[in-house]
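# Structure at a glance
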Amino acid sequence: MFEVYLFVNPIGIYCYDVECQTRLATDELNLKISLHYIPLVNQQAIIADIKHRRLNCEKIDHPVAYTQLACKALHYYHAIKFNYGNRAARNFLATVQDSLKNDCSSCYFIFFDEVCRKLHLDINDIHELLDSAEVADSIDKDQELAELWHIESVPTTVIFDLEEDQGTLIDGKIDCNDLMEIFSNHSYNPHSSKYSLRKLRLL
């Protein structure tokens, strides 16, 4: 049994790719995993995603507006999580990222309401929680976990093998085949990896 934590920018393009690769790897191996999404919005995550989008020939004319968009997505995620549970929040995040993976330049705040309606979520219930103490507390707890594990960038994947009580932290993009090797190889050596990895203890 594995426990997987995905630290992601809620509207990040590389974050979307890592989530897809993780799903492919676990489905291919028919693994039972407990998957936790930890969306983070900070200056480093914002700058990195804008850079990635520009490398993909996407023009970001207004970084401040992009930052506001990411923060709004973060609050919607936690409001949905509080009201409807983890699965609905993950579905919201996946739908948002899939929609914005190629272009977020024309996105606007009402887009998140449109996603909620598509997922049959009550807009009024979500709006009541967006600026609530409950959502702020949930965001703070995720940030505390990121600081505890010294998460320095997103996407970052943390994979815990519950049978061995240890975890592997992977910075950046990673493909399905390499994830399958990590899941399958209990003696996987981070020092020989092409990725930036380090070992963690399960809390």
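In case you missed it, the structure is sitting above this.
First, a word on what this report is: a plain description of the structure on this page.

Reading the values: the criteria
Residues numbered from 1 in each chain as written. Predicted model: local features only at pLDDT ≥ 70, side-chain atom pairs only at ≥ 80, totals over all residues. Heavy atoms only, no water. Helix = DSSP H or I, 4+ residues; strand = E, 2+ residues; numbered from the N terminus. Expected span 1.5 Å × (residues − 1). Buried < 20%, exposed > 50% of the residue type's maximum accessible area, 1.4 Å probe, protein only. Arc of directions from axis to C-beta. Contact = heavy atoms within 4.5 Å. Phe/Tyr/Trp six-rings, centres within 6.5 Å; stacked < 30°, edge-to-face > 60°.

With that settled, the discussion passes to helix H7 (residues 133-148). Since one α-helical turn is 3.6 residues long, residues separated by three or four positions face the same way. Over its 16 residues, H7 extends 22 Å from the first C-alpha to the last, a length consistent with the 22 Å expected when each residue adds 1.5 Å. Buried residues of H7: Val135, Ser138, Ile139, Asp142, Leu145 and Ala146, and no others. Each buried residue of H7 lies within a common arc of 120° when the element is viewed along its axis, so the set occupies one face. Across H7 from its buried face, at more than 90 degrees, point the exposed residues Ala133, Lys141, Glu144 and Glu147. Tucked into the core, H7 has its buried residues touching strand S1 (2-8), strand S2 (33-39), helix H3 (63-84) and helix H6 (123-129). Positive backbone phi, at 55°, marks His150, one or two positions downstream of H7.

Okay, helix H5 (residues 110-118) next. Among the residues of H5, those classed as buried are Phe111, Phe112, Asp113, Val115 and Cys116. Those residues of H5 hidden inside the fold are in contact with H3, helix H4 (86-100) and H6. Immediately beyond the C-terminal end of H5, within one or two residues, lies His120, with a positive phi of roughly 60°.

As a further point, take unusual backbone geometry. Following Val154, the chain continues to Pro155 via a peptide bond in cis, the omega torsion being 0°. Assignment of secondary structure puts Pro155 in the loop between H7 and strand S3 (156-161). Positioned with a positive phi, Asn30 is a non-glycine residue whose angle comes to about 55°. With respect to the element layout, Asn30 can be found in the loop between helix H1 (13-29) and S2. Given a relative accessible area of 69%, Asn30 falls into the exposed group. Look at His150: it is not a glycine, yet its phi comes out positive at around 55°. Relative to the helices and strands, His150 resides in the loop between H7 and S3. For His150, a relative accessible area of 52% puts it in the exposed group.

Let's shift gears to the packing of aromatic side chains. Under the counting rule described, the total for this entry stands at 9 aromatic pairs. Note on Tyr76 and Phe112: the rings are 5.4 Å apart at their centroids and 40° apart in plane angle, and the pair reads as tilted. Remark: Phe112 occurs in helix H5 and Tyr76 occurs in helix H3; sequence separation between them is 36 residues. Clustering of aromatic rings is evident, with ring pairs tying together Tyr5, Phe7, Trp149 and Phe160.

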